[in-house]
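Single-letter residue listing:
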Amino acid sequence: MKIVNNIKELKGYLAQERQKNRKIGLVPTMGALHNGHISLVKRCGKDNDVCVVSVFVNPTQFNNKTDLVTYPRTLDKDCALLESAGCNYVFAPSEQEMYPEPDVRKFDFGTVSSVMEGAYRPGHFNGVAQVVSKLFYIVEPDNAYFGEKDFQQVAVIRAMVKQLNIPVLINACPIIREADGLALSSRNVRLTPEQRQKAPLIARTLKESTNFVPEKSVQEVKEYVINTINADPVMRVEYYEIVDGNTMNAINSWSDTTYPVGCITVYCGDVRLIDNIKYNK
Ligand code: AMP
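Reading the values: the criteria
Residues numbered from 1 in each chain as written. Predicted model: local features only at pLDDT ≥ 70, side-chain atom pairs only at ≥ 80, totals over all residues. Heavy atoms only, no water. Helix = DSSP H or I, 4+ residues; strand = E, 2+ residues; numbered from the N terminus. Buried < 20%, exposed > 50% of the residue type's maximum accessible area, 1.4 Å probe, protein only. Contact = heavy atoms within 4.5 Å. Areas by Shrake-Rupley, 256 points an atom, 1.4 Å probe, with all protein chains shown as cover. Lys, Arg positive; Asp, Glu negative; His and termini not counted. Charge placed at Lys NZ, Arg CZ, Asp CG, Glu CD. Near = heavy atom within 4 Å. Polar contact = N/O pair within 3.5 Å; in protein donor to acceptor, adjacent residues only side chain to side chain. Core = buried A, V, L, I, M, F, W, Y, C linked by side-chain atoms within 4.5 Å. Domains from an automatic or database assignment. Pairing = 2+ DSSP bridges. Axes fitted to C-alpha atoms, helices over the stretch in contact; angles between N-to-C directions. Expected span 1.5 Å × (residues − 1). Salt bridge = Lys/Arg side-chain N within 4 Å of Asp/Glu carboxyl O. Phe/Tyr/Trp six-rings, centres within 6.5 Å; stacked < 30°, edge-to-face > 60°.

### Some details on the overall build of the protein
And step 1. Helix and strand counts for the protein come out as 12 helices and nine strands.
And step 2. C-alpha extents for the protein along the principal axes are approximately 55 × 40 × 35 Å.
And step 3. Counting every position in the protein, which comprises 281 residues, the buried fraction comes to 54%.
And step 4. Taking as baseline every contact in the protein between residues at least 6 positions apart, the subset at least 24 positions apart corresponds to 73%.
And step 5. Total accessible area on the protein is roughly 13300 Å²; 49% of this is exposed by carbon and sulfur atoms.
And step 6. Of the charged side chains in the protein, 33 are positive and 32 negative; the average position of the first set lies 3 Å away from that of the second.

The following block contains the structure:
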């Protein structure tokens with residue numbers, strides 16, 4: 001496994017790989033890796049001849065300065081995990097390398113990027129599109145892998161490659177959870193022991209709510225989820241929306257879509273956690 005900080009050097013290696021007709025897969029990450037990330041890396045290794053993992057805490061997608069400053073950074077540990085997961089190239093650029101000049105591009109993907117995370121984290125998806133498009137131009141992967149934990153992000157990336165005509169196949173991978181249901185996240189390490197113990201309430205409530213579909217209305221299911229989680233004094237639901245899983249349009253009735261997905265953001269103390277659930281009608 002090679003650890004590369006420099007774009008030119010990485011492009012050189014990948015040009016050689018491509019000459020040998022090798023299929024290249026990319027897993028973009030911000031590091032502080034856990035088994036959620038590793039599941040993407042393993043899938044990437046299975047589907048491709050060459051697996052590239054980028055580790056870059058992208059400043060342009062943080063709308064909250066404290067979140068950026070406190071974001072965990074564990075590159076040495078990440079590289080050890082990546083090596084045993086079968087990664088071939090770790091791309092860990094500096095901020096200067098990725099942004100030699102400020103990125104002034106402004107993207108607009110319509111509803112997929114303006115609702116939910118787009119509304120509560122202004123500029124977030126623009127920053128995601130900036131960094132991921134740069135990574136796609138640098139690596140030119142055949143396949144790229146994203147986790148469904150960031151459900152809306154996958155839709156934004158799909159819209160981006162369509163809009164920019166980037167020839168890459170976007171692969172969405174299932175959410176990896178702790179035994180108690182909590183979705184793995186790099187931010188989980190910031191939970192206090194008490195918060196960590198309570199955080200599984202989010203996944204548990206989402207799962208329970210699937211039992212009420214389609215007998216209860218969309219509005220009733222939403223209220224159930226929000227009220228059950230907010231009943232715990234440590235938790236505060238920022239939003240819970242049930243949307244069409246392709247367009248991210250909120251639905252009012254189960255008949256509005258064949259693919260209903262509930263997307264939630266909850267503050268557990270001051271740690272912002274996200275999760276989602278697919279409903280079967
Ligand atoms: P991040 O480092 O948070 O930017 O995440 C990098 C990639 O890993 C994104 O595509 C995430 O959706 C994915 N990811 C993060 N947590 C999980 C998880 N628990 N299960 C599956 N994928 C995940």
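### Points about the site of the ligand
And step 1. Taken together, 17 residues surround the ligand, and among them Met30, Gly147, Asp150, Ile176 and Leu184 come closest.
And step 2. Within the backbone of Gly147, one N or O atom sits 2.9 Å away from an oxygen atom of the ligand.
And step 3. Here Leu184 contributes a backbone N or O atom positioned 2.8 Å from a nitrogen atom of the ligand.
And step 4. Protein contact buries 92% of the 490 Å² of open area that the ligand shows by itself.
And step 5. Secondary structure elements with two or more residues in the shell around the ligand: β2 (24-29), α2 (35-47) and β5 (143-147).

### Focus: the nonpolar core
Across soluble globular proteins, you tend to see nonpolar side chains buried next to one another.
And step 1. One finds Phe136 and Ile170 to be the most contacted residues of the largest nonpolar core, which totals 43 residues.
And step 2. Among the elements that line this core, the one with the most residues is helix α8 (residues 124-139), at nine residues.
And step 3. Each of domain 1 (2-173) and domain 2 (186-278) gives at least three residues to this core.
And step 4. The contacts of Phe136, once residues within four sequence positions are left out, are Leu26, Pro141, Ala144, Phe146, Ile157, Met160, Val161, Ile166, Val168 and Ile170.

### Considerations on the side chain of His37
And step 1. One can find His37 in helix α2.
And step 2. For His37, a relative accessible area of 13% puts it in the buried group.

### Thoughts on the sheet that holds strand β6 (residues 169-173)
And step 1. On the basis of which strands lie adjacent, the open sheet formed by six strands has the order β1-β4-β3-β2-β5-β6 and parallel pairing. The two strands at the open ends of the sheet, each matched to only one other strand, are β1 (2-4) and β6. Shown here is a sheet whose adjacent strand axes are inclined to one another by a mean of 25 degrees, direction ignored.
And step 2. Pairing between β2 and β5: two bridges, direction parallel. In the strand pairing of β5, Leu26 is matched with Ala144.
And step 3. On top of the sheet, helix α4 (residues 75-85) reaches β1, β3 (50-55) and β4 (89-91); it is set at about 165 degrees to β3, its chief contact.

### Regarding α8
And step 1. Across its 16 residues, α8 extends 22 Å between first and last C-alpha, which sits within 8% of the 22 Å expected from 1.5 Å per residue.
And step 2. For α8, the tally of buried residues reaches 15 of 16 residues, placing the bulk of the element in the interior.
And step 3. A positive backbone phi angle near 50 degrees is found at Glu140, which sits one or two residues after α8.

### Regarding the pattern of salt bridges
And step 1. Applying the stated criterion across every chain, the model contains 15 salt bridges.
And step 2. The residue Lys11 makes a salt bridge to Glu140 at a minimum N-O spacing of 3.9 Å. Taken as a pair, Lys11 in helix α1 (residues 7-19) and Glu140 in the loop between α8 and β5 lie far apart in primary sequence, 129 residues in all.
And step 3. For Glu140, a relative accessible area of 44% translates into the label partly exposed.
And step 4. Ionic pairing is found between Asp103 and Arg105, a salt bridge with its closest N-O pair at 2.7 Å.
And step 5. Looking at Arg105, the relative accessible area reads 28%, which means it is partly exposed.
And step 6. Look at the salt bridges and you will find they share partners, linking Asp67, Arg121 and Arg187 into a network.

### As for the packing of aromatic side chains
To describe a pair of aromatic rings, one takes the distance between the centres and the angle between the planes.
And step 1. In this structure the tally under the stated criterion is nine aromatic pairs.
And step 2. A ring pair is formed by Phe62 and Tyr71, whose centres lie 5.6 Å apart and whose planes are at 75 degrees; its orientation type is edge-to-face. Tyr71 carries the same exposure label as Phe62, and that label is buried.
And step 3. Taken together, a centroid distance of 6.5 Å and an interplanar angle of 80 degrees make the contact between Phe136 and Phe146 edge-to-face.

### What about the environment of Pro28?
And step 1. Along the chain, Pro28 turns up in strand β2.
And step 2. Residues Pro28 and Phe91, 63 residues apart in the sequence, show an inter-C-alpha distance of 9.3 Å.
And step 3. Setting aside anything within four residues of it in sequence, one finds Pro28 in contact with Ser54, Leu135, Tyr145 and Phe146.

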